[in-house]
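Chain by chain, the residues:
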Amino acid sequence: MTIRIGNAPCSWGVEFANDPRNPEWRTVLKENAAAGYKGIELGPVGFMPEDPALLSEALDEFGQELIGGVVFRPFHDPDAWDDVMDGSVRTCKALVAHGAQHLVLIDSISPRRAPTAGRADEAEQMDQAEWSAYRDRIATIAKMGAEEFGLTVGIHAHAAGFMDFEPELERLLDEVDQTILKICFDTGHHSYAGFDPVAFMKRHMDRISYMHFKDIDPKVKADVISNRTGFYDACGQGIFCNLGDGDVDFPAVRQVLLDSEFEGWCTVEQDCDPTLDPDPLGDAKLNRAYLESIGFA
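These figures come from a predicted structure and were not determined experimentally.

*Asks:* Tell me about the packing of helix H5 (residues 166-175) against helix H7 (residues 197-204), residues and numbers included.
*Replies:* Where H5 meets H7, the axes come as close as 13 Å, and the angle between the chain directions of the two elements is 15°. Judged by the angle between their axes, H5 and H7 are roughly parallel. When you trace H5 past H7, the crossing you get is right-handed. For the pair H5 and H7, contact is made by Glu166, Leu169, Glu170 and Leu173 and by Phe200, Arg203 and His204, respectively. When grouped by side-chain class, the residues that make up the contact of H5 with H7 number three nonpolar, one polar and three charged.

*Asks:* Hey, could you go over the environment of threonine 2 for me, with residue numbers and the actual values?
*Replies:* Relative to the helices and strands, threonine 2 is located in the segment before strand E1 (3-7). Take threonine 2: its relative accessible area is 46%, and that puts it in the partly exposed class. Here the alpha-carbon distance between threonine 2 and cysteine 184, two residues 182 residues apart in the chain, equals 18 Å. For threonine 2, the residues in contact, after removing those within four places along its chain, are Phe262, Glu263 and Gly264.

*Asks:* Could you give an account of the pattern of salt bridges, naming the residues involved and the relevant values?
*Replies:* If you walk through the whole model with that rule in mind, you get 25 salt bridges. Here arginine 26 ties to glutamate 61 by a salt bridge, and the two come within 2.9 Å at their closest N and O atoms. Placement of arginine 26 in helix H1 (residues 25-34) and of glutamate 61 in helix H2 (residues 52-61) is noted, with a sequence separation of 35 residues between them. For arginine 26, a relative accessible area of 30% corresponds to the partly exposed category. One salt bridge in this structure joins lysine 214 and aspartate 186, with 2.4 Å as the shortest N-O distance. Taken together, the positions of lysine 214 in the loop between strand E8 (208-213) and helix H8 (218-227) and aspartate 186 in strand E7 (residues 182-186) put the pair 28 residues apart, joining distant regions of the chain.

*Asks:* How would you sum up the side chain of histidine 204? Please name residues and give values.
*Replies:* Looking at the secondary structure, you find histidine 204 in helix H7. Leave out the neighbours within four places in its chain, and histidine 204 touches Glu170, Leu173 and Ile183.

Definitions and limits used
Residues numbered from 1 in each chain as written. Predicted model: local features only at pLDDT ≥ 70, side-chain atom pairs only at ≥ 80, totals over all residues. Heavy atoms only, no water. Axes fitted to C-alpha atoms, helices over the stretch in contact; angles between N-to-C directions. Helix = DSSP H or I, 4+ residues; strand = E, 2+ residues; numbered from the N terminus. Parallel < 35°, antiparallel > 145°, perpendicular 65-115°, else oblique. Left-handed = near helix turned anticlockwise from the far one by under 90°. Contact = heavy atoms within 4.5 Å. Nonpolar A, V, L, I, M, F, W, Y, C, P; charged D, E, K, R; others polar. Buried < 20%, exposed > 50% of the residue type's maximum accessible area, 1.4 Å probe, protein only. Salt bridge = Lys/Arg side-chain N within 4 Å of Asp/Glu carboxyl O.

Written as structure tokens, this is what we have:
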């Protein structure tokens, strides 16, 4: 059994392709390699070059394998369908060009949900018609990714969107065929939402195709939930701490992966504010060292 550990541009604060605060894309590749990782995600499409020759040359230069890519777009907004489709098609093409396997779908932050991130009992719910249309948009992109591009597509729950809390994720899994939609399971967002990541993994390992390793500072989590702090402000306050410093039980996560004979990539994601994190390279090294200390090669 082989579990491989990668990282992602969000650990360098890259959330949106055109954010002027972003580090240079080659810097991210170089520092990812320096921290001991052999694989990296694409980041938001457009951050790294969409010219396959240019990106391939840099991946080879730094000894990196492209793992997958995230479509972080407003699936909840029917008026944003062109934007969702644009991000999805471009991401799929980029992944196929570099032999990457994992297409990750994330419903981006909604103003209707942002104030209740971490508060499942207070969060606004879609009515049946809105939910059905939302589910079908996700399923349409999942079907395209799986059948037209041959990718493994995973749904990723995310704080402050409409796919945030465990019951919503399980409802979607019940309603969309598992042949086109798997789970990209993020340990940190599951904790942020107020649920037990290890318990969820034990129930759903047969559908988890890809992992995001993220940890949560419990004190910051309590503060941002109490204060209804926005997601990006919470990132700036350090809600996503170094692995092993938060409330996610990573030795137990590892054991569930071993027991299920999981094979493939587990990607570190330590979302941060690119202007406030003084040392993303240092954090990446610490996260790699921590994972090695608990048995991840």
